[in-house]
Amino acid sequence: MRRWSLRSLALAGAVVLLLAGCGAPGGVDGDLVDDWPAFGQPEAFTPPAGVCLAADFAETVYLSAFNPVDCTAPHRVETVHVGTFPGDPPALPPAGSAELRAAYAECDAKANGYVGGDWRAGRLWLGVALPPATAWAGGARWFRCDLTELTSVESNGEVVSRTASLRDALKADGPLRLGCYTAKLDRQRTIEELVAATCTRPHNAEFVGAWRAPENVAYPVRDRDWVRFYDECRKQIGRYVGLADDPNLRFRVGVVAVPGKAAQWRAGDRGVRCYLWLSDRTVNRTLRNAGAAALPIRTG
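Caption draft 1: Quick peek at the overall build of the protein chain. Scanning the protein chain from N- to C-terminus turns up 7 helices and 10 strands. Across the 300 residues that make up the protein chain, the buried fraction comes to 39%. At a minimum sequence separation of 6, the contacts of the protein chain that also span at least 24 residues come to 65%. Accessible surface, the protein chain: about 17700 Å² in total, of which carbon and sulfur atoms supply 56%.

Caption draft 2: Region of the structure containing the nonpolar core. Grouped together as the largest cluster of nonpolar side chains are 24 residues, with contacts concentrated most on Val 241, Leu 276 and Leu 287. Sorting the residues of this core by element identifies strand S8 (205-212), helix H4 (226-241), strand S9 (254-259) and strand S10 (271-277) as the ones contributing at least two each.

Caption draft 3: Representation of the side chain of Arg 141. In this fold, Arg 141 is placed in the loop between helix H3 (133-137) and strand S5 (142-149). Residue Arg 141 is classed as buried on the basis of its relative accessible area of 16%. Side-chain polar atoms of Arg 141 contact the backbone oxygen of Trp 136, separated by 2.6 Å. For Arg 141, the residues in contact, after removing those within four places along its chain, are Gly 83, Thr 84, Phe 85, Asp 88, Pro 89 and Trp 136.

Caption draft 4: Region of interest: the pattern of salt bridges. All told, the structure shown has 15 salt bridges when counted by the stated rule. In this structure, Arg 123 engages Glu 149 in a salt bridge whose closest nitrogen and oxygen atoms are separated by 3.0 Å. Taken together, the residues Arg 123 in the loop between helix H2 (98-115) and strand S4 (124-129) and Glu 149 in strand S5 connect sequence positions 26 residues apart. In terms of burial, Arg 123 and Glu 149 fall into one category: buried. The shortest N-O distance in the salt bridge between Arg 144 and Asp 146 comes to 2.9 Å. In this pair, the class of Arg 144 matches that of Asp 146, namely buried.

Caption draft 5: Region of the structure containing empty space enclosed by the protein. Taken as a whole, this structure holds 1 cavity of 30 Å³ or more when the rule is applied. Its volume calculated, the largest cavity comes out at about 40 Å³. In terms of lining residues, the largest cavity is bounded by His 75, Arg 76, Val 77, Glu 78, Leu 147, Thr 148, Glu 149, Val 160, Arg 162 and Leu 166. Every element with two or more residues in the lining of the largest cavity is listed here: strand S3 (77-84) and S5. Per element, the largest residue contribution to the lining of the largest cavity is 3 residues, and it comes from S5.

Caption draft 6: Region of the structure containing the environment of Val 153. With respect to the element layout, Val 153 can be found in the loop between S5 and strand S6 (180-185). For Val 153, a relative accessible area of 13% puts it in the buried group. Separated by 107 residues in sequence, Val 153 and Gly 260 have C-alpha atoms that sit 9.0 Å apart. Not counting residues within four places of it along the chain, the set of residues in contact with Val 153 comprises Gly 122, Arg 123, Leu 124, Leu 178, Arg 273 and Tyr 275.

Caption draft 7: Up close: H2. Taking 1.5 Å as the rise per residue, H2 with 18 residues should run 26 Å; its terminal C-alpha atoms sit 26 Å apart, in good agreement. Taken as a whole, H2 has its buried residues at Leu 100, Ala 103, Tyr 104, Cys 107, Asp 108, Ala 111, Tyr 114 and Val 115. All buried residues of H2 fall inside an arc of 150 degrees around its axis, so they share one side. Against S3, S4, S5, S8 and helix H6 (262-267) lie the buried residues of H2. Phi turns positive, to about 85 degrees, at Gly 116, one or two residues after H2.

Caption draft 8: Summary view of the packing of aromatic side chains. Per the stated rule, a full pass over the model turns up 11 aromatic pairs. Between Phe 45 and Phe 66, the ring centres sit 5.3 Å apart and the planes meet at 55 degrees, which makes this aromatic pair tilted. Residue Phe 45 is located in the loop between helix H1 (6-19) and strand S1 (52-53), and its partner Phe 66 is located in the loop between S1 and strand S2 (68-69); the two are separated by 21 residues in the primary sequence. The rings of Trp 211, Tyr 219, Trp 226, Phe 229, Tyr 230 and Trp 265 are connected pair by pair, giving a single aromatic cluster.

Caption draft 9: Looking closely at the side chain of Ser 152. Structurally, Ser 152 can be placed in the loop between S5 and S6. Overall, the relative accessible area of 12% leaves Ser 152 in the buried class. In this structure the side chain of Ser 152 is engaged in a polar contact, spanning 3.2 Å, whose partner is the backbone nitrogen of Glu 154. Among the polar contacts made by the side chain of Ser 152, one reaches the side chain of Ser 155 at a distance of 3.2 Å.

Caption draft 10: Representation of the state of the cysteines in the model. Throughout the structure, instances matching the rule amount to 4 disulfides. Here Cys 107 is linked by a disulfide to Cys 145, with a sulfur-sulfur distance of 2.0 Å. What sets the handedness of the Cys 107 and Cys 145 disulfide is the S-S torsion sign, and at about -65 degrees it is left-handed. Here Cys 107, found in helix H2, pairs with Cys 145, found in strand S5; they are 38 residues apart in sequence, far enough to count as distant. Disulfide pairing places Cys 180 opposite Cys 199 at an S-S distance of 2.0 Å. Taking the sign of the S-S torsion, about 100 degrees here, the bridge from Cys 180 to Cys 199 comes out right-handed. A residue pair is termed long-range when its members are at least 10 positions apart, and Cys 180 in strand S6 and Cys 199 in the loop between strand S7 (191-197) and S8 qualify at 19 residues. By relative accessible area, which is 2% here, Cys 180 ends up buried. Indicated for the protein chain is the disulfide connectivity 1-2, 3-4, 5-6, 7-8, based on numbering the bonded cysteines in sequence order.

About the criteria used
- Residues numbered from 1 in each chain as written.
- Predicted model: local features only at pLDDT ≥ 70, side-chain atom pairs only at ≥ 80, totals over all residues.
- Heavy atoms only, no water.
- Helix = DSSP H or I, 4+ residues; strand = E, 2+ residues; numbered from the N terminus.
- Buried < 20%, exposed > 50% of the residue type's maximum accessible area, 1.4 Å probe, protein only.
- Contact = heavy atoms within 4.5 Å.
- Areas by Shrake-Rupley, 256 points an atom, 1.4 Å probe, with all protein chains shown as cover.
- Core = buried A, V, L, I, M, F, W, Y, C linked by side-chain atoms within 4.5 Å.
- Polar contact = N/O pair within 3.5 Å; in protein donor to acceptor, adjacent residues only side chain to side chain.
- Salt bridge = Lys/Arg side-chain N within 4 Å of Asp/Glu carboxyl O.
- 1 Å grid on protein atoms, 1.4 Å probe; cavity = no way out; pocket = protein on both sides within 12 Å on 5 of 7 lines; lining within 4 Å.
- Points joined across faces, edges and corners; volume = space filled by probe spheres on them.
- Expected span 1.5 Å × (residues − 1).
- Arc of directions from axis to C-beta.
- Phe/Tyr/Trp six-rings, centres within 6.5 Å; stacked < 30°, edge-to-face > 60°.
- Disulfide = S-S within 2.5 Å.

What follows is the structure in structure tokens.
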């Protein structure tokens, strides 16, 4: 036989009394649902700009992995800008799409403003990160512009763990800026590697600036593809050393053009770093504004 305690019976009686009591107080209609305010539409997560992240750059940004740190703490990525894809694309833009190339161009410009100069003049790499497909389906339409410091941009450099922000980091000369190099040659006497060097020590190459190739310029594969790259970098050399880009310039100094990898080119990175190269000697000073006296015409 089921047992009921006195307490259970007392509570049951209280409920009966309440239900059988008088009508609802004034202003209460007895409907417990219609007086609750409607819930707003859920908002998709959008990452902020100007924050630093301890983890390596990732092409897809998951909310669960978003753990910003103070920029004075060790970090490997800094978000310099967060933009929005125009026109509400129905799906995530695929690699190499016009939408992603436009996003990269926006990130490129914003990164320059953030660091206080052309970011390619430093040991920096720029990446564009996107929300996951699930967030896109929920309304996320942002892209994130991330900068990372590398040990080298001329070869496969490693990521540097920084303890300071990149904001205005290139407004003045400093260790982050690209400078002078020693060009190492292979057996065919072509440049195999550019190794960073102190400008006051013997060296034979120097960074002079960057050229941004137009959209209609293809990634260089054959020798003839490089002609435009060398011509444009030679213009950078002329401005850097203070000489006209005339037919004599090619007899004064050599040129090195370094674009990013093919995958980066397809993604929208059309930047080409330019270097002058002395094939016949070394110098122990910078050649910025050095003029004709420091770069005589080579006759041999």
